[in-house]
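Summary of structural features
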Amino acid sequence: MHHSEETHELFVTGLRNAHAMESQALSVIDAQLGRLESYPEIIAMLQQHRRETEGQIARLDQIFEGMGESASTLKDTAMSAMGSMHALGNALAADEVLKNHMADYMFEHFEIAAYTSLITMAQAMGHSSALPLLQQNLAEEQRFQQMLIESLPRVTEEFLARTASGQKADV
């Protein structure tokens, strides 16, 4: 594929959006970790994915550096604030832990789609050095998404048991 200034800018914009998306993810994870008390499995999953997300941001920064570009501080800040607001909204729910788990699963689908699109762009435009970095990010998102859906029945059962026994169940 011929790569023009317009297609280059589309790819850079996609990378900036992915960087901001990961900033939002960190904000959501931090808000959830700050509130979770009763679900050690979720805490461990979120802590692991937080470390992965930091690595994903570092890989995106590496791609930017190789292209002579940079992330958008404005987008990162805005998306981080949106993540905090989203987490705050769920904090008002009696079933906060379930809502967060489902929202995390939904967000992983968005991230998987974003990286799939970026990989397709990188392949089409000959950005071969970006491919392994984007593919690693995609693989981590796919793993976390799978962990979320596999753990949802256990989390739901634990939520129901805690609620039925009068224990704190929301977080």
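Our subject is the structure listed above.
Structural notes, computed from the coordinates. Worth saying up front: this structure is predicted, and the values here are computed from it rather than measured.

1. Considerations on the overall build of the protein
- For the protein, the count of helices and strands is five helices and zero strands.
- Within the span of the protein, comprising 171 residues, buried residues form 47% of the whole.
- Contacts in the protein between residues at least 24 apart in sequence constitute 81% of all its contacts with a sequence separation of at least 6.
- Counting every atom, the protein has about 8500 Å² of accessible surface; 60% of that belongs to carbon and sulfur.

2. A closer look at empty space enclosed by the protein
- Evaluation of the coordinates by the stated rule reveals one cavity of 30 Å³ or more.
- Estimated volume of the largest cavity: approximately 60 Å³.
- Around the largest cavity, the lining residues are Q32, R35, L36, I42, E96, V97, N100, H101, D104 and V171.
- Those elements that provide at least two residues to the lining of the largest cavity are helix 1 (5-35) and helix 4 (96-125).
- The biggest single contributor to the lining of the largest cavity is helix 4, with five residues.
- Per-class residue counts for the lining of the largest cavity are four nonpolar, three polar and three charged.

3. Quick notes on the nonpolar core
- Formed by 23 residues in total, the largest nonpolar core has its most connected members in F11, L15, L60, I63, Y115, L118 and L134.
- When residues in this core are grouped by element, the largest group, eight residues, is from helix 4.
- Excluding its chain neighbours within four sequence positions, the residues that come into contact with L15 are L60, I63, F64, M67, L118 and L134.
- I29, I43, L98 and V155 belong to the second-largest nonpolar core, a separate cluster that totals 14 residues.

4. Let's talk about the pattern of salt bridges
- Tallying each qualifying case throughout the model produces eight salt bridges.
- Taking the shortest distance from any N to any O, the salt bridge between E96 and R35 comes out at 2.8 Å. Of the two residues, E96 sits in helix 4 while R35 sits in helix 1, which places them 61 residues apart along the sequence.
- Given the relative accessible area of 34%, R35 is considered partly exposed.
- Put simply, D30, R50 and E54 are held in one network by salt bridges that share partners.

5. Section: the environment of A122
- Within the fold, A122 resides in helix 4.
- In this structure A122 comes out as buried when scored by relative accessible area, which is 0%.
- In sequence terms A122 and F11 are 111 residues apart; their C-alpha atoms lie 7.6 Å from each other.
- Here A122 is in contact with F11, H127, L131 and L134, once residues within four sequence places are set aside.

6. Examining the packing of helix 4 against helix 5 (residues 131-164)
- The geometry of helix 4 relative to helix 5 is characterised by a closest axis approach of 9 Å and an angle of 160 degrees between their N-to-C directions. With respect to their mutual orientation, helix 4 and helix 5 come out roughly antiparallel. In terms of crossing hand, the pair formed by helix 4 and helix 5 is left-handed.
- Broken down by class, the residue content of the contact of helix 4 with helix 5 amounts to 18 nonpolar, ten polar and four charged.

7. Topic: helix 5
- Taking 1.5 Å of rise per residue, 34 residues should cover 50 Å, and helix 5 covers 49 Å from first to last C-alpha, within 8% of that figure.
- At the C-terminal side of helix 5, G166 shows a positive phi close to 80 degrees.

What counts, and at which threshold
Residues numbered from 1 in each chain as written. Predicted model: local features only at pLDDT ≥ 70, side-chain atom pairs only at ≥ 80, totals over all residues. Heavy atoms only, no water. Helix = DSSP H or I, 4+ residues; strand = E, 2+ residues; numbered from the N terminus. Buried < 20%, exposed > 50% of the residue type's maximum accessible area, 1.4 Å probe, protein only. Contact = heavy atoms within 4.5 Å. Areas by Shrake-Rupley, 256 points an atom, 1.4 Å probe, with all protein chains shown as cover. 1 Å grid on protein atoms, 1.4 Å probe; cavity = no way out; pocket = protein on both sides within 12 Å on 5 of 7 lines; lining within 4 Å. Points joined across faces, edges and corners; volume = space filled by probe spheres on them. Nonpolar A, V, L, I, M, F, W, Y, C, P; charged D, E, K, R; others polar. Core = buried A, V, L, I, M, F, W, Y, C linked by side-chain atoms within 4.5 Å. Salt bridge = Lys/Arg side-chain N within 4 Å of Asp/Glu carboxyl O. Axes fitted to C-alpha atoms, helices over the stretch in contact; angles between N-to-C directions. Parallel < 35°, antiparallel > 145°, perpendicular 65-115°, else oblique. Left-handed = near helix turned anticlockwise from the far one by under 90°. Expected span 1.5 Å × (residues − 1).

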